[in-house]
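# Geometric and topological summary
Listed below are the residues making up each chain.
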Amino acid sequence: KNFDRGTAIVGDKSGKYGVMTYDEQFLVPCVYNYLERISSIHFVAHDTTWKKGVIDINNNTVIPFQYSDIINVDTTTFHVWAYKQGIGYGLFDSSGNQLKSAGASTISIESVSINGGAYDHRDGLMIIEDNLTEKLGVMNMNFEEVVPLGKYFNIDNINEGRIRFSLSEESEKLNDRVTISQ
C-alpha cells in the first residue's frame with residue numbers, strides 16, 4: 001500500500017482497483033480495471049470495457065467513461081485532455097465541464113496524439129505527435145500549435161514555461177531550451 005494524502009489505490013484478488021484510507025475504509029470500491037491518481041481527489045479510472053473516465057475520491061463520476069485517453073495537463077489547476085474516437089480531444093475542468101473542443105483547432109486533431117506521460121506536460125502545454133509522420137510539436141489549451149510539428153527532432157519535459165528539445169536526430173542530449181510565452 002502506497003499512501004498519499006491519507007489514501008492509497010489498492011487492488012483486490014480479482015484484479016480490480018479502488019481507494020482506501022489508512023484505517024482500511026474504502027472510499028472507492030474495487031470495481032475498476034485501472035486507477036491512476038491525477039490530483040489530491042481525482043483519479044483516471046478504466047471501467048470494465050476499458051473506457052476511461054475521471055472519478056473523485058467519493059467515487060462520483062466527474063468525466064463519463066466514454067474516452068480512450070485522458071491525460072492530466074495542468075499542475076496549478078485541474079484540467080484534463082480527453083480523447084474520443086471520431087470527435088478528437090476536449091479539455092475538461094474538475095467539475096467535468098468541457099471547456100474547449102478540438103473543433104476550432106488550427107491543427108488536424110484526429111491525426112495528432114498526445115506524446116509522453118503526464119510528467120512531460122505542464123503549464124497548460126502538451127507535446128503532440130503527428131500519427132503519420134511521427135513529427136513532434138507543442139499545443140496549448142486553446143488547441144493552437146505553439147511549437148509547429150516537425151520544427152524540432154525531439155521534445156520532452158515542459159516545465160515552468162520551458163521546453164527541452166533537440167535540434168537534430170544526431171543530438172545525444174536534449175540540452176537546448178526554449179521559452180514559450182502563451
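Above this text sits the structure in question.
Below: a short report on this structure. Since the model is a prediction, treat every value here as computed from it, not as a measurement. (Residues numbered from 1 in each chain as written. Predicted model: local features only at pLDDT ≥ 70, side-chain atom pairs only at ≥ 80, totals over all residues. Heavy atoms only, no water.)

## Focus on the overall build of the protein
The following threshold applies: Helix numbering and strand numbering both begin at the N terminus, where a helix is a DSSP run of H or I of at least 4 residues and a strand a DSSP run of E of at least 2. For the exposure calls, accessible area comes from a 1.4 Å probe over protein chains only, and a residue counts as buried if that area is under 20% of its type's maximum, exposed if over 50%, partly exposed in between. Only heavy atoms enter the contact rule, under which two residues are in contact if any of them lie within 4.5 Å. Method for areas: the Shrake-Rupley scheme with a 1.4 Å probe, in which residue coverage is limited to the protein chains shown.
What the protein contains, in helices and strands, is 0 helices and 18 strands. Scored against the burial criterion, the 182 residues of the protein give a buried share of 47%. Nonlocal contacts in the protein, meaning residues at least 24 apart in sequence, comprise 27% of its contacts between residues at least 6 apart. For the protein, the computed accessible surface area is about 9700 Å², with 44% contributed by carbon and sulfur atoms.

## Some words on unusual backbone geometry
Positive phi, close to 70°, is recorded for Trp50, a residue that is not glycine. In this model, Asn59 sits at a positive phi of 70°, which is unusual for a non-glycine residue. Note on placement: Asn59 falls in the loop between strand E6 (52–56) and strand E7 (61–67). We classify Asn59 as partly exposed; its relative accessible area is 25%.

## Details of the side chain of Asp56
Spelled out, the test is: When charges are counted, Lys and Arg contribute as positive and Asp and Glu as negative, whereas His and the chain ends are disregarded. For this document, the term salt bridge refers to a Lys or Arg side-chain nitrogen within 4 Å of an Asp or Glu carboxyl oxygen. Polar contact is the term for a pair of N or O atoms within 3.5 Å; when the atoms are in protein, one must be able to donate a hydrogen and the other to accept it, and sequence-neighboring residues count only if both atoms are side-chain atoms.
When you line up the elements, Asp56 lands in strand E6. Of the side chains with opposite charge, Arg37 lies nearest to the buried Asp56, which makes no salt bridge, at 11 Å. Polar side-chain contacts of Asp56 include one of 2.9 Å to the backbone nitrogen of Asn58. Within polar-contact distance, the side chain of Asp56 engages the backbone nitrogen of Asn60 at 2.9 Å.

## Section: the sheet that holds strand E3 (residues 26–32)
Defined as follows: Strands are treated as partners if at least two bridges between them are detected by DSSP. Axis geometry follows a simple rule: fit a line to the C-alpha atoms, using only the stretch in contact for helices, then measure angles between N-to-C directions, giving values from 0 to 180 degrees.
Spatial ordering of the open sheet is given by E1-E2-E3, a layout of 3 strands whose pairing is antiparallel. Sheet topology places strand E1 (7–11) and E3 at the edges, where each strand pairs with a single neighbour. On average, each strand axis in the sheet is inclined to that of its neighbour by 25°, with strand direction left out of account. Across 3 bridges, strand E2 (residues 17–21) lies against E3 in antiparallel orientation.

## A look at the pairing of E6
Most of E6 is tucked away: 5 of the 5 residues are buried. Residues Lys52, Val54 and Asp56 of E6 are buried on one face, and the alternating residues Gly53 and Ile55, pointing to the opposite face, are buried as well. For strand E5 (residues 42–46) and E6, the ladder comprises 5 bridges, and the chain directions are antiparallel. Bridge pairing in E6 places Val44 opposite Val54. Between the end of E5 and the start of E6, which pair antiparallel, lie 5 residues, with Trp50 showing a positive phi angle near 70°. The turn joining E6 and E7, which pair antiparallel and follow one another in sequence, is formed by 4 residues; a positive phi near 70° is taken by Asn59.

## Examining the sheet that holds strand E4 (residues 34–37)
Strand order in the open sheet formed by 4 strands is E4-E5-E6-E7, with antiparallel pairing between adjacent strands. Both edges of this open sheet fall to E4 and E7, since each of them pairs with a single strand only. Within this sheet the neighbouring strands show an average axis-to-axis angle of 25°, counted without direction.

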